[in-house]
Amino acid sequence: ILSGIYANKAASSRSLSTTSDGKAVDRASLVFDDEGKDVTPHPLFRSDPNTVVPRQGKLLASSAYFGATGSGFLSSFSTHQTSGVNGSLGSTYGSSSTSLSNASTTESILDEIQKRPCLLTSYNFSDVQVRQEEIREWTKEDLDRRVDIYLTETETIWILDMPSVVVSVESEDAGRVLERNRIYVDICKNRPGNDRYVEKMMQTINGAAKNKEVQCDKIIMEDKGLLVTSWDLYDSFNVSEIEPTSKAEGSRATTGKSSTTSSLMISESAVLARIHEEEECHSEAILTSENFQQNLFFMERILMENIFQPKLAAYRQFPVLIVKEAKQEEHDKEKKDKEEQKDAFVDPSILSDLNKTPEEIVPPRLERLWSYICDLTNGHNVSSMAWSKVNPDLLAVGYGAFDCKEQKKGLACCWSLKNPMWPERIFRCEHGVTALDFSMASPNLLAVGMYDGSVTIYNVRSCNDAALLDSSESSNKHTGPIWQMRWVEQDRGATGDGKKERLICISADGRITEWFIQKRLDCIDLMKIKRTESDKRKLPGEKERKREALISQQAAGMCFDFHPKDTNFYLAGTEEGHIHKCSCSCNEQFLETYRGHKGPVYKVAWNPFSSDMFLSCSADWSIILWHQDSQTPILTFSSATAFVHDVMWSPKSAYIFAAVNESRVEIWDLSASILNPVTSCFANPRVKFTSVLFAKNTDCLLVGDSKGEVSVFELQNLAAPNNNKVRFTRTRWWSSEACMLVWYFIPPKGASVKDLANRY
Amino acid sequence: MAEVEETLKRIQAHRGVVATMVVNAEGIPIRTTLDNSTTVQYAGLLHQLTMKARSTVRDIDPQNELTFLRIRSKKHEIMVAPESKSILAPNRCKKISFFFPKN
């Protein structure tokens, strides 16, 4: 609205004469306030339009070249939209009482300019009117529309041109100028007292001044501070569709105001009520949101880390900082020395240690780090443990009783190193879990075998308790507990399939089966373990002795192990105490049978480094070391009068294995001693150890017991494993009727063979 | 929901954990195991600190985000898990828990 220009201020310093060149306030240039009332200011002078026109014309004629600037001024006016009535644009524009006729050359040209725009605008009224109409019809889209603005250069506008009055002496006019100067000097000299020059004074009449006051609404000022941070800028650029409420609430202004909650507040009381409501429903939303769950998950893990940090560091074989004083350290060392001296009388293995490594006087020991136990698993018997094939910190533990008397619902839990107090996954099973294994090809599959002979496959990615696949529909499933199951990678050279993974189970109904993972779980028999008579040489499986009434023709299978190098062969241990070597390609007959145990064979294990040797442990209190070419045992280890439930070779050394009988866990080092374990650890009195597992990436041992606790032990100071290339050679061996069997092997550090032989 | 409750309970039941608090984005506690006045005090103070920490992290690199905040003092350790901004849950929440170190 341009009418503000026409408010005239009489106090303008540029008002010069009485005659006014009033700006006729045309109807078009009106000022409207918010309510549409006409508050156009009345001009102080109403000029006679007749007088205006010729002057305008005159002005325009003389200042034709200023026409180009008219629009410029206009546009500048249009930007000065003043709300309210105090539209005075300052003294530069507001002069109405100027007289063109009095414009004298002595006046500065600036004055002219000041007058001129006013006149020009009144001239261009019609234009302005039109433009105003246009403006009023514009809509929002028009404003948003892209407008092309062309900038062109106008002609040079001379704003001030003061020609110099200094002339060079050598110019053409010099003579004339000098002449004039001389005449002027003469006049000045003659002036005082000369009649031709008279001084006269005159007073002008000042026009009546009128004051006008205008009052407008109070302009409310508010201070607002905003700290613009670089992330604020980043967010504003990148975030496109966020609801306005969340945007408002997410103001990151660091003002002390906390009132930037939900933006729909109108009044205080309304605010409070609203906050309460929203809080309630939002708190529900918060508690069930995924993020919250994740945060809780992290929090729990961090708490665990706080608690278990030193133990975990020991597990990872970091040197643990001892923050004790030096005195205490010496104490400890003294104690160790004393212990070692005591042991020296009892345990020849320490002497051998001393011989081998004279600088090391610390005996190997098992140190308990922590246990995986929680309320849920308390009271269940640990039957099997397995590491995940891809994540060496993920452990699956199966809980289920060995006896049929103690059967209750079983459990399979996945524990993570990061949280030793609560398992990551809990799978509840109908029956006791007796075997489990992780798959290699699809590392998220966990196969679980149960006491009733069924096989279930779980997907550990989901927290869901439901099984992925179940063998309950299979017609061929086992009828006895599955004592061992394993995913075995096998070459299928014949069919040209390349390496495939198979799930093999052995169970108490005497069958070794291979399961296929298709839509339904189904299996085929790899082998049926037929009963064999122990002492008599008999063809396996053909005849049945008439004298003995056998319940079944098949012997219960307890364990198996595939050969590490050639996965076509495997060993199967039975309840009768025989170990059969079988081949996948032959379903009917065993390749060989190893007889030595007098009780059920609970575990067989091939030596991972020397692939001709294997160990077996049994309920007859003994562990036997076999060579695959010999049908009689090579070495027998018996150290306690208890069932040996589990045995496992160390993944790092060819001589070391761990065995667990009911009351203790033992570590045997064949390079140190074949009579006694190098170290052992006793169980709590009411608890029996039931399974053992070495950790692959660290020197630790996991031992499961009958109360549901899986303890993690660190193996300290065992002999250095540098014997990957060890070879067991056989020079002399006696039959198992003799008490001792001597087994020669090439020791790693070149100690003499005869010494060892003599010792034993 | 039940799992959340269980996890919360497990965390609270740890020996060494003094208190647990769940706070929403404005600093108003939703769930707490402390008395009211202490809760309000802690919530207010830690809320401000978390905001400042988050602002700092994002100032240095706007694509970064604060994931966890731990304050260890002589007597306690305070752990704050701030919830990151997400479009799904426009109401952010924070979880604070106090942990008294075992040794």
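Residues numbered from 1 in each chain as written. Chains lettered and ligands numbered in written order. Predicted model: local features only at pLDDT ≥ 70, side-chain atom pairs only at ≥ 80, totals over all residues. Heavy atoms only, no water.

1. Examining the overall build of chain B
Move 1: Counting its secondary structure elements, chain B contains two helices and five strands.
Move 2: Going residue by residue from the N terminus, the α and β elements of chain B occur as α-β-β-α-β-β-β.
Move 3: The buried share of chain B, taken over its 103 residues, is 44%.
Move 4: Counting only carbon and sulfur atoms, one obtains 55% of the accessible surface of chain B, whose full area is about 5,600 Å². (Helix = DSSP H or I, 4+ residues; strand = E, 2+ residues; numbered from the N terminus. Buried < 20%, exposed > 50% of the residue type's maximum accessible area, 1.4 Å probe, protein only. Areas by Shrake-Rupley, 256 points an atom, 1.4 Å probe, with all protein chains shown as cover.)

2. Details of the packing of aromatic side chains
Residue and element names in this part refer to chain A.
Move 1: This structure, assessed with the given rule, holds 19 aromatic pairs over all chains.
Move 2: With centroids separated by 5.3 Å and ring planes inclined at 45°, the aromatic side chains of tyrosine 372 and tryptophan 415 adopt a geometry described as tilted. Of this pair, tyrosine 372 sits in strand E1 (residues 365-372) while tryptophan 415 sits in strand E4 (residues 410-416), placing them 43 residues apart in sequence.
Move 3: Judged by centre distance (6.2 Å) and plane angle (55°), the ring pair of phenylalanine 402 and tryptophan 483 falls under tilted. Placement of the pair is phenylalanine 402 in the loop between strand E3 (394-399) and E4 and tryptophan 483 in strand E10 (residues 482-492), with a sequence separation of 81 residues.
Move 4: Across from the ring centre of phenylalanine 569, 5.6 Å away, lies the NZ or CZ of lysine 581, which sits over that ring. (Phe/Tyr/Trp six-rings, centres within 6.5 Å; stacked < 30°, edge-to-face > 60°. Lys NZ or Arg CZ within 6 Å of the ring centre and 35° of its normal.)

3. Quick word on the packing of helix H10 (residues 290-315) of chain A against helix H1 (residues 2-13) of chain B
Move 1: Running from N to C, H10 of chain A and H1 of chain B point in directions that differ by 25°, and their axes come no closer than 10 Å. Taken together, H10 of chain A and H1 of chain B sit at an angle that is classed as roughly parallel. Note that H10 of chain A runs across H1 of chain B; the crossing there is left-handed. Residues Phe292, Gln293, Leu296, Met299, Glu300 and Leu303 of chain A of H10 of chain A form the contact with H1 of chain B, whose participating residues are Val4, Thr7, Leu8, Arg10 and Ile11 of chain B.
Move 2: Grouping the amino acids of the contact of H10 of chain A with H1 of chain B by side-chain chemistry returns seven nonpolar, two polar and two charged. (Axes fitted to C-alpha atoms, helices over the stretch in contact; angles between N-to-C directions. Parallel < 35°, antiparallel > 145°, perpendicular 65-115°, else oblique. Left-handed = near helix turned anticlockwise from the far one by under 90°. Contact = heavy atoms within 4.5 Å. Nonpolar A, V, L, I, M, F, W, Y, C, P; charged D, E, K, R; others polar.)

4. Some thoughts on the side chain of serine 673 of chain A
Move 1: Mapped onto the fold, serine 673 of chain A is located in the loop between strand E24 (664-669) and strand E25 (679-682).
Move 2: Within the structure, the side chain of serine 673 of chain A is placed 3.1 Å from the backbone nitrogen of leucine 675 of chain A, a separation counted as a polar contact. (Polar contact = N/O pair within 3.5 Å; in protein donor to acceptor, adjacent residues only side chain to side chain.)

5. Looking at the environment of arginine 502 of chain A
Residues and elements named next belong to chain A.
Move 1: With respect to the helices and strands, arginine 502 occurs in strand E11 (residues 498-507).
Move 2: Between the C-alpha atoms of arginine 502 and tryptophan 487, which are 15 residues apart in sequence, the distance is 5.4 Å.
Move 3: A polar side-chain atom of arginine 502 sits 2.8 Å from a polar atom in the side chain of glutamate 514.

6. Some remarks on the sheet that holds strand E18 (residues 601-606) of chain A
All names here are of chain A.
Move 1: Reading across the sheet, the four strands line up as E18-E19-E20-E21 and stay open at both edges, with antiparallel pairing between neighbours. Of all strands in the sheet, those with a lone pairing partner are E18 and strand E21 (635-637), marking the two edges. Neighbour-to-neighbour, the strand axes of this sheet turn through a mean angle of 20°, independent of strand direction.
Move 2: Direction of pairing for strand E19 (residues 613-618) relative to strand E20 (residues 623-627): antiparallel, over a ladder of five bridges. Pairing of serine 616 across the sheet is with isoleucine 624, part of E20. (Pairing = 2+ DSSP bridges.)

7. Describing the nonpolar core
Residue and element names in this part refer to chain A.
Move 1: Tyr315, Trp370, Tyr372, Leu395 and Leu702 are the most contacted members of the largest nonpolar core, which totals 28 residues.
Move 2: Of all the secondary-structure elements, those providing two or more residues to this core are H10, E1, strand E2 (382-387), E3, E4, strand E27 (700-705) and strand E28 (710-716).
Move 3: If you tally residues by element for this core, the top one is H10, at six residues.
Move 4: If sequence neighbours within four positions are ignored, leucine 395 has contacts with Tyr372, Met385, Ala386, Trp387, Cys413, Cys414, Trp415, Leu693, Leu702 and Val710.
Move 5: If you look at the next biggest cluster of nonpolar residues, it comprises 18 residues, including Cys617, Ile634, Phe637 and Tyr655. (Core = buried A, V, L, I, M, F, W, Y, C linked by side-chain atoms within 4.5 Å.)

8. Description of unusual backbone geometry
Move 1: Even without a glycine there, the phi angle at tryptophan 621 of chain A is positive, about 70°.
Move 2: For tryptophan 621 of chain A, the location among the structural elements is in the loop between E19 and E20.

9. A short note on the pairing of strand E2 (residues 29-32) of chain B
All names here are of chain B.
Move 1: With three bridges joining them, strand E1 (residues 17-24) and E2 adopt antiparallel strand pairing. Counted as the bridge partner of valine 22 is arginine 31 from E2.
Move 2: Hairpin geometry of E1 and E2 is characterised by an intervening segment of four residues between the two adjacent antiparallel strands and by a positive phi of about 95° at glycine 27.

10. Things to note about the UniProt feature "repeat: WD" (unreviewed entry) in chain A
Move 1: In the numbering adopted here, UniProt assigns the feature "repeat: WD" (unreviewed entry) to residues 594-636 and 637-671 of chain A.
Move 2: Helix makes up 0% of residues 637-671 of chain A and strand 54%. Its end C-alpha atoms lie 14 Å apart. (UniProt positions renumbered as here; feature names shortened; annotations may be inferred.)

11. A short note on the sheet that holds strand E5 (residues 425-429) of chain A
All names here are of chain A.
Move 1: Sheet architecture is open: four strands sit in the order E2-E3-E4-E5, paired in antiparallel fashion. The sheet is open, and its two edges are formed by E2 and E5, each paired on a single side. Taking the axes of each pair of neighbouring strands and ignoring which way they run, one obtains an average angle of 15° across the sheet.
Move 2: In the sheet, E3 pairs with E4 via six bridges, with the strands oriented antiparallel. Looking at E4, one finds that valine 397 is bridged to cysteine 413.

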